[in-house]
Amino acid sequence: MNKLVYSIILAVFFSSYLASGIHRAFNLVPEVLSGIVLVVILARIAVNHSLCVSPKYLMLGAIAVLHAVSGMILNTVDPGTIVTGLRPYLKWIPLFLLPAVYRFSEEEISGQIKLILILGLMQSPLAFFQRFVQYRDAATGDFVTGTLGESASGVLSIFLLSVIAVVIAFYVRGRLRFPQMLLFTLALFLPTTINETKVTLLLLPLAIVVPYIVASNRLSMAQLVAIPVLGILLTTGFVVIYDYAGSIWGARGIGEFVDKEAGSYLYSESNATRGNLLERNRIGSGLQLPEELIKPDEGGGRVEKLLLPLKNLSDNPLKLWMGLGVGNASPSIINVFSGTYSGRIGKISSETLSSFLLWEVGVGGLIILFTFLMLLMYDTYKIGKEKNTLGVLAAGWFGVLVIVLLTVPYLNLFYSNVLVFLFAHMSGYISAERRWAQYNPVRTTLHS
């Protein structure tokens, strides 16, 4: 089982890179492996008749299914659209459930953490190669994505900050010495300074402070001083390096961005906010794409992308709550499977997870997601006080969950395999371990 998890970890790190360089079919490898995990889960449930999942997750899952099905019925979503539209929602669930049927040992989970750390450290030399050699003439750092494939500079930064959060927790708990922690943190941090991901400035302090608080018990004087100083130095270093790199390639520095562009970055009063975007691209069984396709840069700033679905669905309270239906706002490479409204909003609906959910499953779907994250944060915080490897991981993972919570309006987690698969697996492991600890050997029985 551990080898299967290793295969998935390697796949999510290299599949997009290989897809952009060789063939896009490599993008399907993580999903194929997830399908294998699902078969394993069903087989183990059939044999053991048990699933070690807290009832609160089962109840929330049932509510999510009922909500999604109701939205599909309300909007009469085509079967082909449902099949393609369900992929982003379902592909990560087997990874979340795997620890509920197979209890990973401390040695196995430690090996997985080490592999993720090694892969994280690998991103640094590749990122510098991309910035200073492969794309040295590019005016933007958006091409600095490591092994994560095209358009993944933000994904790279969020992943690296998440690893830093776990590293900090291991240091605070005495599992890493200061030189090791400093070396790992600097290596993971440096790529975020050259790929122009401005959200790093917000998330970096949280990646350091949150696990520091959760993991702290009896801190030594060195730890008490080292972590706050490190946070200040890295944040300052980010601004200095970002501005210096920007001066080389003619990009705006942080100060200039805040002064001149930050307002429009959040809200630009784009034309898309003034019209009705709910123009169907289906008439009967035929496909008729609207002439005015809204492009990502025409959808406005981050706040506008959050407000667009609210504005366009507000006339119909039921659709505001249910959304347009799973898949109905998503494009597909096979046109007949594209969502009914994808011709107009397909390119802006999926840019951030908050926008994606509001369009397809409405306010109710977004509330379900936040409830799920809150439940995970509660379990993670409780386990984060334990002194074993699980407790250390949970203390760092609480910082990761805070990062995920804040990036919901920033990017679409469901469209980033490396983030959503690792998030699902580690979150599933922590929640399942809490259930094991509470009720072992009694489990949640399927035949109760």
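Residues numbered from 1 in each chain as written. Predicted model: local features only at pLDDT ≥ 70, side-chain atom pairs only at ≥ 80, totals over all residues. Heavy atoms only, no water.

Asker: How should the overall build of the chain be read in this particular structure?
Answerer: A count of helical and extended segments in the chain gives 19 helices and two strands. Out of the 448 residues in the chain, the part that is buried amounts to 54%. If you take every contact in the chain between residues at least 6 apart in sequence, the share linking residues at least 24 apart comes to 79%. Element-wise, carbon and sulfur atoms account for 65% of the exposed surface of the chain, whose accessible area totals about 20,100 Å². (Helix = DSSP H or I, 4+ residues; strand = E, 2+ residues; numbered from the N terminus. Buried < 20%, exposed > 50% of the residue type's maximum accessible area, 1.4 Å probe, protein only. Contact = heavy atoms within 4.5 Å. Areas by Shrake-Rupley, 256 points an atom, 1.4 Å probe, with all protein chains shown as cover.)

Asker: Please clarify how the layout of surface pockets should be interpreted in this entry.
Answerer: Regions of empty space are outlined by a rolling probe, equal in size to a water molecule, passed over the atoms. What the second largest pocket holds in volume is close to 810 Å³. What lines the second largest pocket is a set of 27 residues, among which Gly61, Ala64, Val65, Trp92 and Ile93 lie closest to the centre. In terms of residue count, the dominant contributor to the lining of the second largest pocket is helix α3 (residues 55-74) (11 residues). Along the lines of polarity and charge, the residues of the lining of the second largest pocket split into 24 nonpolar, three polar and no charged. (1 Å grid on protein atoms, 1.4 Å probe; cavity = no way out; pocket = protein on both sides within 12 Å on 5 of 7 lines; lining within 4 Å. Points joined across faces, edges and corners; volume = space filled by probe spheres on them. Nonpolar A, V, L, I, M, F, W, Y, C, P; charged D, E, K, R; others polar.)

Asker: What should I look at first to understand the packing of helix α10 (residues 200-215) against helix α18 (residues 389-407) in this one?
Answerer: Geometry of a packed helix pair, given as the angle between the helix axes and the separation of the axes. The geometry of α10 relative to α18 is characterised by a closest axis approach of 8 Å and an angle of 145 degrees between their N-to-C directions. The chirality of how α10 crosses α18 is right-handed. Residues Leu203, Leu206, Ala207, Val210, Pro211, Val214 and Ala215 of α10 touch α18, and the partners they reach there are Ala395, Gly396, Phe398, Gly399, Val402, Ile403, Leu406 and Thr407. Tallied by class, residues from the contact of α10 with α18 come to 12 nonpolar, three polar and no charged. (Axes fitted to C-alpha atoms, helices over the stretch in contact; angles between N-to-C directions. Left-handed = near helix turned anticlockwise from the far one by under 90°.)

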